[in-house]
Amino acid sequence: MTMSQTEETGRFRELRYSFHLLLSNPVSTVGAVGVAFLFTVMILAPILATHDPIAINLTGRFLPPSGEHFFGTDHLGRDIYSRVVWGARISLSVGFITLIEATVIGTIIGLIAGYKGGWVDSVIMRITDVFLAFPSIILALAVAAALGRGLTSVMVALGITWWPLYARLIRGQTLSVREEQYIEGARLSGAGGLRIMLKHILPNCIAALIVQISMDVGFTILAAASMGFLGIGAQNPSPEWGLQCASGAKYLVYQWWISTFPGLAIFLSVISFNLLGDGLRDILDPRLRRG
Amino acid sequence: MKLGSYVFKRLIQFVFVLLGTSIILFTVSNVIPADPVRAAAGPKATPEQLEAIRVRLGFDKPLHEQYIIYISNVLHGDLGRSVMTFRPVAVDLAIRLPATLELSLFSIGLTVFFGVALGIYSARSRNRIGDHLIRLVSLGGISMPSFWLALLFQMVFFLWLGWLPGGGRLSPGVTPPTQITGLYVLDSVLTGNVATLLDSLHHLVGPAIAQSAVGVASVIRMMRAGMLEEMTKDYVTMFRSAGVSERLIVYKYVLKNSLVPVITLIGVMFGSILGGSFIIEQVFQWPGVGSYGTQALLNLDFQPIMSITLVMSFMYSLTNLVVDIVYVYLNPKVSYE
Amino acid sequence: MADFLLEIRRLRTYFYTYAGVVKALEGVNLRIHEGDIFGVVGETGCGKSVTAQSILRLVPNPGRIIEGEIIFKGRDLLRLSEEEMRREVRGKQIAATFQDPSTFLAPSHTIGEQLRDIIKANADDPKSFDGKTLTERVVQALDKVNLPDPERVAGQYPHELSGGMRQRSMIATGTSSTPSLFIADEATTFLDVTIGAQILRLFQEMNRRDGTTILIITHNLGIVGEICNRVAVMYAGQVVESCATDELFEEPMHPYTVGLLSAIPRLDREMEELEEIPGTIPNLIHPPEGCRFNPRCRHAMDVCREAQPGMFEVFEGHYVSCHLFDEEGEDNE
């Protein structure tokens with residue numbers, strides 16, 4: 001067998017072992033099931049919804065949950081179940097896109113900072129310090145307000161708020177990997193900086209990245225929903241979950257279902273991702289792998 | 001004098017970070033689509049009037065000069081003017097800050113108390129029912145949207161059970177205690193006003209619990225992990241071999257070493273409380289900086305939005321500065337990065 | 001034979017890990033007289049530390065003492081309750097010091113603070129202590145281990161002390177109440193030779209002045225030769241030979257001991273070459289059948305591969321666990 005072939009089978013076995021570990025832990029299995037369920041809802045929304053999520057029906061306002069309307073109707077007679085189902089796409093994708101932005105930007109900047117070192121590193125670190133000095137979503141709120149209402153503003157704003165975390169993470173990884181012998185070897189054999197970064201350093205960061213992402217997915221979804229609640233993100237009649245909770249707040253006394261179900265959807269989504277994340281973290285923790 | 005040089009370095013970083021945040025906010029406020037000159041002038045202004053106002057407000061100057069003006073304004077206490085309240089933002093903030101401070105302090109207190117207590121219990125009863133339950137609940141805590149929790153709280157404890165008031169800091173008809181600090185609980189205690197004390201505490205419970213949910217969960221997790229890790233340390237074996245009681249080992253030595261990282265968590269917690277105050281204060285009708293900010297967001301009133309962000313960042317950075325110094329002071333062995 | 005201070009019989013301690021059951025101690029037999037400076041010597045992984053942990057009943061998870069008797073002053077320690085162990089034995093009658101004083105002392109509290117708690121824990125009447133008496137006792141304890149300026153040391157944190165001072169402070173945690181048995185687990189391994197020598201002198205002084213029996217656990221035969229009067233050699237979880245120190249160096253009996261001594265350069269006799277023992281130490285999850293040393297032993301016989309040898313007293317006070325000596329001595333099992 002050639003070197004690369006043995007590498008591949010080795011890595012394949014690693015993957016299968018990891019998968020096996022993931023499923024053997026009941027907690028993360030529940031998480032995995034939850035996440036799979038969410039993706040199903042996202043993809044099959046048109047099929048799963050029973051009504052048009054934005055269709056207003058003033059004769060059927062404030063209907064309690066029933067066989068016809070699983071989650072009841074809101075103040076405009078819209079079917080809440082369908083709105084929640086369709087809302088999955090919005091609320092979840094905002095979370096993902098934010099993370100992708102933050103990861104990409106953060107990784108690039110972090111790699112540069114860690115690899116180049118020196119004053120480039122110092123400057124970048126000071127900049128991340130400044131960004132991290134803003135309390136959680138406050139910067140995102142300010143930026144989104146400045147950019148105007150809408151989902152794009154939220155995604156840009158959250159991306160701006162989140163990238164420093166990833167930059168720091170990747171920088172840290174880069175710094176520790178940079179000192180390894182094989183990097184020196186690669187450099188001596190003439191490989192350029194970019195090549196080294198992409199081929200050697202980046203793969204070593206993957207594990208840490210996965211851990212961090214799994215921890216952050218839940219938070220980004222919550223952050224996006226919070227901004228929706230405050231009226232910054234999606235606008236009416238979008239079935240974004242946070243926005244739905246906000247619209248239903250006035251009717252809490254008698255029509256509790258308007259706010260409760262969208263909020264429940266957020267809660268269950270975030271818990272699923274957190275459980276899955278916990279499980280992933282346990283797997284990738286080398287101390288627990290082989291006992 | 002290691003502590004001294006650390007404090008010095010940290011202070012410099014603090015000032016630098018403040019400058020940086022102001023630059024970022026200045027940049028953001030220049031992105032705002034609404035033309036501040038037109039907003040100040042009104043719809044019927046003539047081009048000459050617009051030009052005059054532009055000059056007066058300094059918008060004809062190059063950007064870096066505008067920044068200098070901005071900074072000096074801030075340092076003089078001029079944080080702009082709100083178009084909702086028609087007052088200077090600084091005045092609005094001064095009125096509302098005590099409410100937010102009181103709620104934040106109360107929340108932090110609750111968070112630390114319950115977080116540490118439950119975390120210790122969870123670690124000591126490791127893998128038994130109590131531990132599993134607490135871990136489950138704390139997982140739920142960090143997964144729950146704060147606004148949803150707040151709404152549910154209102155629904156259950158106010159609308160259905162009537163145990164807690166619907167909002168505000170005091171019941172209608174109750175006058176606030178004599179103003180010393182602006183924190184009603186403290187002022188009531190200082191003036192011996194029991195009735196107001198009880199009423200303000202009654203009003204604090206709801207929003208404080210809703211606000212501390214996430215924090216408690218984080219503290220529980222950190223305490224549990226920290227203590228379990230600490231219990232595997234060698235000095236625990238040493239004390240056991242010397243015949244010291246398990247109770248003393250855990251509550252004196254293990255606890256102290258586990259608590260120190262929680263201190264840094266308090267700083268972060270304060271940040272998320274500040275960020276979450278927008279939502280919590282809105283839902284519970286709490287007249288603080290957060291609900292002010294929410295109103296400003298709804299009305300797209302930009303001066304307050306920017307200034308609130310600046311002020312909150314300042315408070316957050318200051319808190320982290322204090323926390324970092326206290327941490328280093330408490331931890332005789334730490335290496336200063 | 002006269003009464004022993006400590007007698008260990010058929011001690012078995014296993015560790016239940018994910019990879020399998022590690023049979024760390026498989027029938028350890030040991031006899032220590034009062035007043036001995038007793039050395040337990042062997043390679044890394046032979047079970048000497050686990051033996052010490054078992055005596056104190058502080059075997060860490062996932063370990064468990066399966067079988068055996070540990071008879072200390074006539075009482076079987078394995079039959080005592082945890083509370084009795086803590087209150088009467090640990091720290092008071094049997095104490096220990098460990099290898100790495102930087103991790104075995106709490107970093108967050110001063111030496112004095114930690115000693116105070118230990119002294120209070122082992123006092124007969126803890127309530128009788130006032131602050132002043134307690135401080136005096138702390139200083140006394142630090143003085144007993146020959147620390148210069150003990151008052152100052154009491155107020156310092158572990159990381160503020162030098163390695164030797166830290167080791168002495170840790171020894172002080174074990175000697176504050178003058179125990180009958182003091183276990184020193186690799187006490188000098190992390191120290192410079194000169195500092196280590198001072199620590200060994202300290203042990204001798206404790207033995208002479210207070211009559212404390214010292215159990216020295218080490219991989220260094222030199223230390224054993226230096227201060228121990230009796231020694232037990234351990235291999236793969238068992239004691240293979242136990243005798244007076246000079247007898248060990250003059251007339252080693254067990255093939256492993258012989259091999260060990262041939263691998264060390266000696267100044268007191270002619271040597272041809274240094275020999276090494278072929279093979280490696282066995283896997284303790286799947287140890288060899290019969291005598292655990294048989295795969296590496298040049299004298300291995302069929303019986304060695306089938307049955308574990310008992311402990312034979314070859315001549316007075318000299319015990320060997322090897323089938324070669326089956327006919328010559330009594331079976332002392």
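Residues numbered from 1 in each chain as written. Chains lettered and ligands numbered in written order. Predicted model: local features only at pLDDT ≥ 70, side-chain atom pairs only at ≥ 80, totals over all residues.

A closer look at the overall build of chain C
When its secondary structure is counted, chain C shows twelve helices and 13 strands. For 333 residues, the compact-globule formula gives about 20 Å, and the C-alpha radius of gyration of chain C, at 21 Å, lands near that figure. Taken along the three principal axes of its C-alpha coordinates, chain C extends 65 × 45 × 45 Å. Here chain C holds 333 residues, and the buried ones make up 45% of them. Of the contacts made within chain C by residues no fewer than 6 positions apart, 61% connect residues no fewer than 24 positions apart. (Helix = DSSP H or I, 4+ residues; strand = E, 2+ residues; numbered from the N terminus. Rg over C-alpha atoms; globule rule 2.2 N^0.38 Å. Buried ≥ 20, exposed ≤ 12 C-beta atoms within 10 Å, placed from the backbone. Contact = placed C-beta atoms within 7 Å.)

Considerations on the overall build of chain A
Looking only at helices and strands, chain A has eleven helices and zero strands in total. Secondary structure of chain A in N-to-C order comes out as α-α-α-α-α-α-α-α-α-α-α. In chain A, buried positions account for 46% of the 291 residues. Counting contacts in chain A only where the partners sit at least 6 residues apart, residues at least 24 apart contribute 69% of the total.

Considerations on the pairing of strand β10 (residues 238-244) of chain C
Residues and elements named next belong to chain C. Counting buried positions along β10 yields six of seven residues, so the element is predominantly enclosed. As paired elements, strand β9 (residues 230-235) and β10 share six bridges and run antiparallel to each other. Within β10, the residue paired with Y235 across the bridge is Q238. Linking β9 back to β10 in an antiparallel pair, the connection comprises two residues, with A236 at a positive phi of about 45°. (Pairing = 2+ DSSP bridges.)

A look at the confidence of the model for chain C
Residue-level pLDDT values for chain C average 86, and 94% of them are 70 or greater. Model confidence for the complex: the whole-complex pTM is 0.76, and ipTM, which rates the interface, is 0.84. (pLDDT = per-residue confidence, 0-100.)

A look at the interface of chain B and chain A
Contacts between the two partners involve 42 residues from chain B, matched on the other side by 37 residues from chain A. Those elements that provide at least two residues to the side of chain B that touches chain A are α1 (2-29), α6 (129-143), α7 (146-160), α11 (246-283), α12 (289-299) and α13 (302-330) of chain B. Here the side of chain B that touches chain A gets nine residues from one element, more than from any other, and that element is α1 of chain B.

Some details on the interface of chain B and chain C
How big an interface is tends to be reported as the loss of accessible area on association of its parts. Contacts between chain B and chain C engage 17 residues on the former and 26 residues on the latter. Secondary structure elements with two or more residues in the side of chain B that touches chain C: α10 (234-241) and α11 of chain B. With six residues, α10 of chain B is the largest single contributor of residues to the side of chain B that touches chain C. Considering only residue class, the side of chain B that touches chain C consists of seven nonpolar, five polar and five charged. (Nonpolar A, V, L, I, M, F, W, Y, C, P; charged D, E, K, R; others polar.)

Topic: the packing of α11 of chain B against α13 of chain B
Between two packed helices, both the angle of their axes relative to each other and the distance between the axes serve to describe the pair. Residue and element names in this part refer to chain B. Viewed as axis vectors pointing N to C, α11 and α13 meet at an angle of 175°, and their least axial separation amounts to 9 Å. By the angle between their directions, the pair α11 and α13 is classed as roughly antiparallel. Along the contact surface, α11 presents V260, I263, T264, I266, G267, F270, G271 and L274, while α13 presents M312, M315, Y316, T319, N320, V323, V326, Y327 and L330. In terms of residue class, the contact of α11 with α13 is made up of twelve nonpolar, five polar and no charged. (Axes fitted to C-alpha atoms, helices over the stretch in contact; angles between N-to-C directions. Parallel < 35°, antiparallel > 145°, perpendicular 65-115°, else oblique.)

Some remarks on the pairing of strand β2 (residues 20-32) of chain C
All names here are of chain C. Taken across its 13 residues, β2 has eleven buried, putting it largely inside the fold. One ladder, built from nine bridges, connects strand β1 (residues 6-17) with β2; its direction is antiparallel. Note that in β2 the partner of L6 across the bridge is I32. Joining the antiparallel neighbours β1 and β2 is a turn of two residues.

Considerations on the nonpolar core
Ranked by size, the top nonpolar core spans 235 residues in total, and within it L141 and A142 of chain A carry the most contacts. At 15 residues, helix α3 (residues 80-116) of chain A tops the list of elements feeding residues into this core. (Core = buried A, V, L, I, M, F, W, Y, C linked by C-beta atoms within 7 Å.)

Topic: the environment of L132 of chain A
Within the element layout of this structure, L132 of chain A appears in helix α4 (residues 118-132). C-alpha of L132 of chain A to C-alpha of T161 of chain A: the two residues are 29 residues apart in sequence and 7.9 Å apart in space.

Looking at the sheet that holds strand β5 (residues 75-76) of chain C
All names here are of chain C. If you trace the four strands from one edge of the open sheet to the other, you get β2-β1-β4-β5, paired in antiparallel fashion. The open sheet has two free edges, formed respectively by β2 and β5, since each of these has just one partner strand. Against the sheet, helix α1 (residues 48-56) touches β1, β2 and β4 (63-72), its axis set at about 75° to β2.

Things to note about the confidence of the model for chain A
With 84% of its residues at a pLDDT of 70 or more, chain A has an overall mean of 80. The low-confidence segment residues 287-291 of chain A (pLDDT under 50) makes four contacts with residues lying over four places distant or belonging to another chain.

A word on the environment of A49 of chain A
Residue and element names in this part refer to chain A. When you line up the elements, A49 lands in the loop between α2 (26-48) and α3. Each C-alpha atom, one on A49 and one on D79, is 9.2 Å from the other, the two residues being 30 residues apart in sequence. Leaving out residues up to four positions away in the same chain, A49 has contacts with S82, V85 and W86.

Details of helix α11 (residues 255-262) of chain C
The set of residues buried in α11 of chain C consists of P255, Y256, T257 and L260 of chain C. For α11 of chain C, the secondary structure elements touched by its buried residues are β9, β10 and α10 (245-250) of chain C.

Brief notes about unusual backbone geometry
Residue and element names in this part refer to chain C. With an omega dihedral of -5°, the bond running from N61 to P62 counts as a cis peptide bond. Backbone geometry places K73, a non-glycine residue, at a positive phi of 50°. Structurally, K73 is set in the loop between β4 and β5. Phi angles above zero are rare outside glycine, and T178 is one such case at about 50°. The exposure class of T178 is partly exposed, given the 17 C-beta atoms found within 10 Å.

Some details on the environment of D76 of chain C
All names here are of chain C. Mapped onto the elements, D76 comes out in strand β5. Separated by 63 residues in sequence, D76 and T13 have C-alpha atoms that sit 16 Å apart. Not counting chain neighbours up to four residues away, the residues in contact with D76 comprise E69, I70 and I71.

A short note on the packing of α4 of chain A against helix α6 (residues 151-178) of chain A
Residues and elements named next belong to chain A. Running from amino to carboxyl end, α4 crosses α6 at an angle of 140°, the nearest separation of the two axes being 9 Å. Judged on the interaxial angle alone, α6 and α4 are oblique. The handedness of the crossing between α4 and α6 comes out as left-handed. Two secondary-structure elements touch here, α4 through I124, T128, F131 and L132 and α6 through P164, A167 and R168. (Left-handed = near helix turned anticlockwise from the far one by under 90°.)

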